[in-house]
Amino acid sequence: MEKKRSRSYSKYLKHTPEMVDTPVGYYTGVMEAIANQGFKVEGMTCTACASRIQTVLARTDGIQSVRVNFATETAGIAWDPDKLDVTSIEQRVKKLGYGLKPAVNEILEKKKEKAREDGLTFRRDMLFFAGSALLSLPLLLPMFYSAWMLPALWQLGLATPIQFIAGARFYKGAFHSLRSGGANMDVLVALGTSVAYFYSLAQIYLQSTGHVYFESAAVVITLVLLGKILERRARRRATRAMEELLELQPEQARLQENEGETLIDVRLIESGDRIVVLPGERFPLDGILREGSTETDDSLLTGESVPVSKSAGQQVFAGTLNLNGRVVLEATTDVNQSSVARIMQMVENAQNSRAPVQSLVDRVSAIFVPTVIAIALIAFGIGLLLGAGFTESLVRAVAVLVIACPCALGLASPIAVVIATGISASHGILFRNAEALEIAGKVRSIFFDKTGTLTRGKLTVGRAIVAPGQTEEALFKAAWKAEAGSEHPVSQAIRTFIESRVGSIDLQGFEYRTIPGAGIKACKQSETILAGTAEFLHANGIDVPQLKEPGTEVHVANDVYLGAFFLSDTLRDGAAEAIKAIRNLGIQPVMLTGDREEVAASIAGSLGMEYFAGLKPEDKLEKIASYPIRPTAMVGDGINDAPALSRADAGFAMGSGTDVASESADVTLMGNKIEEVTDAIRLSRATIRKIYQNLFFAFIYNIIGIPLAAAGFLSPVVAGAAMAMSSVSVVVSSLTLYRFRFHSVQT
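In short, a report on the structure.

Rules and cut-offs
- Residues numbered from 1 in each chain as written.
- Predicted model: local features only at pLDDT ≥ 70, side-chain atom pairs only at ≥ 80, totals over all residues.
- Heavy atoms only, no water.
- Helix = DSSP H or I, 4+ residues; strand = E, 2+ residues; numbered from the N terminus.
- Contact = heavy atoms within 4.5 Å.
- Areas by Shrake-Rupley, 256 points an atom, 1.4 Å probe, with all protein chains shown as cover.
- Buried < 20%, exposed > 50% of the residue type's maximum accessible area, 1.4 Å probe, protein only.
- Arc of directions from axis to C-beta.
- Polar contact = N/O pair within 3.5 Å; in protein donor to acceptor, adjacent residues only side chain to side chain.
- Phe/Tyr/Trp six-rings, centres within 6.5 Å; stacked < 30°, edge-to-face > 60°.
- Core = buried A, V, L, I, M, F, W, Y, C linked by side-chain atoms within 4.5 Å.
- Patch = residues over 30% accessible without salt bridge, like charges linked within 9 Å, V, L, I, M, F, W, Y side chains within 5 Å.
- Salt bridge = Lys/Arg side-chain N within 4 Å of Asp/Glu carboxyl O.
- Pairing = 2+ DSSP bridges.
- Axes fitted to C-alpha atoms, helices over the stretch in contact; angles between N-to-C directions.
- Parallel < 35°, antiparallel > 145°, perpendicular 65-115°, else oblique.
- Left-handed = near helix turned anticlockwise from the far one by under 90°.

### Focus on the overall build of the protein
Check the secondary structure of the protein and you find 24 helices and 28 strands. Within the protein, contacts between residues at least 6 apart in sequence are counted, and of these 67% link residues at least 24 apart. Summed over its atoms, the accessible surface of the protein is roughly 33500 Å², and 55% of this surface lies on carbon and sulfur atoms.

What follows is the structure, encoded as C-alpha cells:
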C-alpha cells in the first residue's frame, strides 16, 4: 500500500493544542478543533482491505484524514467531533465487515490497570483494617483493666463484623485452597479464628459462665490484615520505580511532514516516521538520529548520570532526555516495542519468576499446614489428658493454629526478588528471571570476550604491509571489496583506514560469506578475495608469510597473497579495576579470544588474568564446557558471543538498547560497563543472603512459638501478634536491599 501522507492535523489547530482527558483523546483549539485517535483494525486479510477502509473513511463527511496500515493492523483517524463521534466511525467500519477499537499502549495500559487494581485493593484493605482495629479496641481493654470487660453479647456484636466481613477473604481463600487439594495460610487463619469465635458463641448459647474468646478471633484477623497491608506496601514500593520509568515515555510525538510539524498520539507513529524532539523533551520512541546533534541523559535506562553525546546516525532510546539540541529522529519501533517497554516486560517476567531456592519453601509449605493442624490437635488432646480442661486445651490449639501462619514463609523469596530486580533495572542491570538472579551470585569463574568487552572495540589500523611484488593500490582495493560486506569492528577499521588514504572504492555484484572467527570470502564471477586470519588463508590454498608485527593481523589475498593490516585496541576504562574486584570476590577471570597469542598475552598480562588465544567460536564453547572451576559465566556483546553466553551457567550481555531483548543472556548490562558485572554478582549474593535471612525469620518464629503455644504459654492474641511480627520482620529485612550500593554508577 502506498504510504500516503494525508494526516496534516496542524492546519486545523489555530492555537496550541492540549490533550483533553476524554476516552477518545480530543485535541482542542480555541477557534477550531479536531479529534484524532489511533485504532486497532480487526478482520483485514490483505492490503486491499486496508485500501478499502481508507478510501471509504476518507470520503466520509467529517473525516479530516485517515491512514490505514495493513502490516500493523492499525488506523490513524482525525475527524471533526461536531460531525462524528467514535461510535459512528466504528459502525461505519463495521458495515464494511471489519472491527475497529481504540489502540492502546498495551504495556502502559496494563500497568495502569494493575496500579488501579492495587490501589483499590490497598484502600479496601486499609478500610477493613481500620474498621477491625476500631471494633477490636474495646475487646482489648480488659487486658489493661479487668473491670472494663464487656458483656458477652456486646463482644459478640463487635466481633461478628470482623469475623465475617473483614475476615471473609480468609474463608474464601481457604475454600479455594481446600477445593484444589492444598492448604495455605488462609486455612489456618479461618480455622483458628472460627474455632475461637464459635466456641465463644456456644458459651453464650449454653449460658455458660466460662470465658469467651471473641477478642482472640477479632484481634488475630486485625493483625493479619495489618500484615497484608505491610506486604502490599513493600511490593508497591518495589515496583513503583519501574512504573514511573514506563510513564516517562511520552504519550505524544511531534511528527515531521511536508506541511510542517504535527503533535500527534505516539501510538500513530510508524517505523520510518520522522519525529522532532526539542531540548528538554524525552524521546518518545527508539530510533536513529537523522538531523542535528545533542547530548542525552540515559540514566533512565543505564543508571549512568553522565550525558552521552549523540549525532546523526546514532541510536537513541525511548524515555531518555534530550538535553541541548533540536534533533530529528527516525522511529525504528512502535510504542509497545520500545526499549522502555521491553525493559518493563523483562523486569515483570523476572519478578513473576521463582528463584530455585523457592523449591525449599515449596517442599516445606506442602507439609506445613497439615503438620500444624496435627500439632494443634495433639496439643488439644494432651491438654485434656493432663487435666487442663476443655477450654484451656482449645485455647492452646487455637494459639498453635494462629502463630503458625505461613505468610512470612511465602514472602521470604518473592519480596526479595521483586526488590532486587527492581533496583537493579533502575541501575541498568536486567536479570532475565529469578533463576538468573540466583545463579549469578554462585559463579566461580568468568570468561570474557576480548574485543568490545575488555577492550574498547574501537580498532584502528596501525600499519599496512604490502607483500613483495604487489602494490598498495591492489592491497587496498582487494581489502575494501572484502570488508565492504561486514559491519564487524575489524572491517570498519580497515575501511576507515583505506578511505583516509585513497577514498571510498566503487564496487558492485560481490557475494559475501563470513566464517565466524576466521574471515570473509568475497566472490564475483571468477574473482575471489579472501580477508582474515593466516589459518583461514592457508585453508584456502594461500601461503602466508610469518610477520612479526604487534596487533591483530588481517591478511588479504586474491589469487596470490597481497599483504596484511595490523590493528590495535585499548583497554576499556575501569577494566583493570573490574578484574581486580572480580578476583576479590573469589572468582577466576579468564579471557577467551580468537586473536593471536601475542595480542592476547599483552592484554591478559596487563590485567593479570588467565587467557586462551586463537580460538574459533566452537573452541570457546569447549573451553567453557570443560573448565574445572564451576559454575561458569560468560561476558560478551550478546550477539557475536550468543553461543558462548548460552553455554555458560550465567551469560552477561554487554551493551544497551539493541541487546535489551537478547535471548542468549541471563543478565543484560545496559550501561555497557564491566563494573556492572561485579555489581550484578554482588547484588545476587546480597539477595540470596537476604532470602536465607528471611527464611530464618520465618522459621524461628514457628520453631519457638509453636511449642510455647502448644504448652499454653501463649494466648491466641499474643500468638497473632507474633505471627504478624514474623511477616513484618521479613518485609523489613527485604527492604534493606534498597541500601545496596552500585559501584558502577557515577554521579
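### Quick look at helix 20 (residues 597-607)
Buried within helix 20 are the following residues: Val599, Ala600, Ile603, Ala604 and Leu607. The arc that holds the buried residues of helix 20, viewed along the axis, is 115°, so those residues lie on one side. In this structure, the buried side of helix 20 is in contact with helix 15 (450-454), strand 22 (552-557), helix 19 (575-584), strand 24 (588-592) and strand 25 (610-612).

### Examining the environment of Asp286
By the secondary structure assignment, Asp286 is in the loop between strand 9 (274-277) and strand 10 (287-291). Each C-alpha atom of the pair Asp286 and Thr332 lies 5.9 Å from the other, and the pair is 46 residues apart in sequence. Each residue touching Asp286, except ones within four places of it in the same chain, is listed here: Val316, Phe317, Ala318, Leu329, Glu330, Ala331, Thr332, Thr333, Gln337, Ser338, Ser339 and Arg342. Engagement of the side chain of Asp286 in a polar contact is seen with the backbone nitrogen of Ala318, the distance being 2.7 Å.

### Looking at the packing of aromatic side chains
What the rule picks out here adds up to 12 aromatic pairs. On the basis of an interplanar angle of 70° and a centroid distance of 5.5 Å, the ring pair of Tyr197 and Phe214 is categorised as edge-to-face. Residue Tyr197 is found in helix 6 (residues 185-205), and its partner Phe214 is found in helix 7 (residues 214-247); the two are separated by 17 residues along the sequence. The interplanar angle of 80° and the centroid separation of 4.9 Å between the aromatic rings of Phe740 and Phe742 together place this pair among those described as edge-to-face. The rings of Phe164, Tyr171, Tyr197, Phe198 and Phe214 are connected pair by pair, giving a single aromatic cluster.

### Describing the nonpolar core
If you look at the biggest cluster of nonpolar residues, it comprises 100 residues, and the most contacted ones within it are Ile446, Phe448 and Phe652. Here the element with the most residues in this core is helix 23 (residues 675-710); it accounts for 11 residues. Non-local contacts of Ile446, meaning those with residues more than four positions away in its chain, are made with Ile582, Ile587, Gln588, Pro589, Val590, Ala633, Val635, Val677 and Ile681. Grouped together as the second largest cluster of nonpolar side chains are 23 residues, Phe476, Ala478, Phe510 and Ala531 included.

### As for a nonpolar patch on the surface
A cluster of nonpolar side chains, contributed by Ile378, Ile382, Leu385 and Leu386, occupies part of the molecular surface with about 470 Å² of accessible area. Note on placement: Leu385 falls in helix 10 (residues 358-385).

### Observations regarding unusual backbone geometry
The residue after Arg630, namely Pro631, is reached through a cis peptide bond having omega 0°. The phi dihedral of Gln525 is positive, around 55°, even though this residue is not glycine. The class for Gln525 is exposed, based on a relative accessible area of 82%.

### What about the side chain of Ser194?
One can find Ser194 in helix 6. The class of Ser194 is buried, set by a relative accessible area of 12%. Among the polar contacts listed, one links the side chain of Ser194 to the side chain of Tyr171, at a separation of 2.5 Å. At 2.5 Å, the side chain of Ser194 forms a polar contact with the backbone oxygen of Ala190. Excluding residues that lie within four positions of it along the chain, Ser194 makes contacts with Gln163, Tyr171, Val189 and Tyr199.

### Focus: the sheet that holds strand 20 (residues 519-524)
As summarised here, the arrangement of the 6 strands in space is 18-23-22-21-20-19, forming an open sheet in which the pairing is antiparallel. Single-partner strands in this sheet number two, and they are strand 18 (460-466) and strand 19 (511-515). On average, adjacent strands in this sheet sit at an angle of 15° to one another, irrespective of strand direction. By the bridge criterion, 6 bridges tie strand 18 to strand 23 (residues 561-568) in an arrangement that is antiparallel. The residue bridging Ala464 from the neighbouring strand is Phe565, located in strand 23. The strands touched by helix 16 (residues 472-483) are strand 18, strand 19, strand 20, strand 21 (527-532), strand 22 and strand 23; relative to strand 23, the strand with the most contacts, the crossing angle is about 70°. Its contacts with the sheet put helix 17 (residues 489-502) on strand 18, strand 20, strand 22 and strand 23, and the angle it makes with strand 23 is roughly 105°.

### Some remarks on the pairing of strand 5 (residues 74-79)
Among the 6 residues in strand 5, 5 count as buried, and that is most of the element. Summarising the sheet, strand 4 (residues 63-69) and strand 5 pair through 6 bridges and their orientation is antiparallel. Looking at the pairing, Val68 lines up with Ala75 of strand 5.

### Some words on the sheet that holds strand 8 (residues 260-265)
Pairing is antiparallel in the open sheet, where 6 strands are placed in the order 8-7-9-15-10-13. Of all strands in the sheet, those bounded by a partner on one side alone are strand 8 and strand 13 (315-316). Bridge analysis of strand 10 against strand 15 (residues 327-331) gives 4 bridges, and the strand direction is antiparallel. Bridging across to strand 15, Gly287 finds its partner in Ala331.

### Considerations on the packing of helix 19 against helix 23
One way to put it is that helix 19 packs onto helix 23 with a least axis distance of 8 Å and a crossing angle of 25°. In terms of orientation, helix 19 and helix 23 fall into the roughly parallel class. The handedness of the crossing between helix 19 and helix 23 is left-handed. Judged by residue contacts, Ala578, Ala581 and Ile582 of helix 19 engage Glu675, Val677 and Thr678 from helix 23.

### Quick notes on helix 21 (residues 617-626)
Turning to helix 21, its buried residues number three or more, namely Lys620, Leu621 and Ile624. One side of helix 21 carries all its buried residues, which in axial view fall inside an arc of 100°. Next to the buried residues of helix 21 lie strand 17 (445-449), strand 24, strand 26 (632-636) and helix 22 (642-647).

### A short note on the side chain of Gln163
Looking at the secondary structure, you find Gln163 in helix 4 (residues 152-166). Every residue in contact with Gln163, bar those within four places of it in the chain, is listed here: Ala168, Tyr171, Thr193, Ser194, Tyr197, Ala217 and Ile221.

### Examining the pattern of salt bridges
Counting across every chain of the model gives 14 salt bridges. In this structure, Asp61 and Lys83 form a salt bridge, with 3.7 Å as the shortest nitrogen-oxygen distance. Placement of the pair is Asp61 in the loop between helix 1 (47-58) and strand 4 and Lys83 in the loop between strand 5 and helix 2 (86-95), with a sequence separation of 22 residues. Side by side, Asp61 and Lys83 carry an identical accessibility label, which is exposed. Arg630 is the salt-bridge partner of Asp649, the closest N and O atoms lying 3.8 Å from each other. Residue Asp649 is found in the loop between helix 22 and strand 27 (650-654), and its partner Arg630 is found in the loop between helix 21 and strand 26; the two are separated by 19 residues along the sequence. Where salt bridges share partners, they join Arg124, Asp125 and Arg169 into one cluster.

Distances and angles like these do not, on their own, reveal function.
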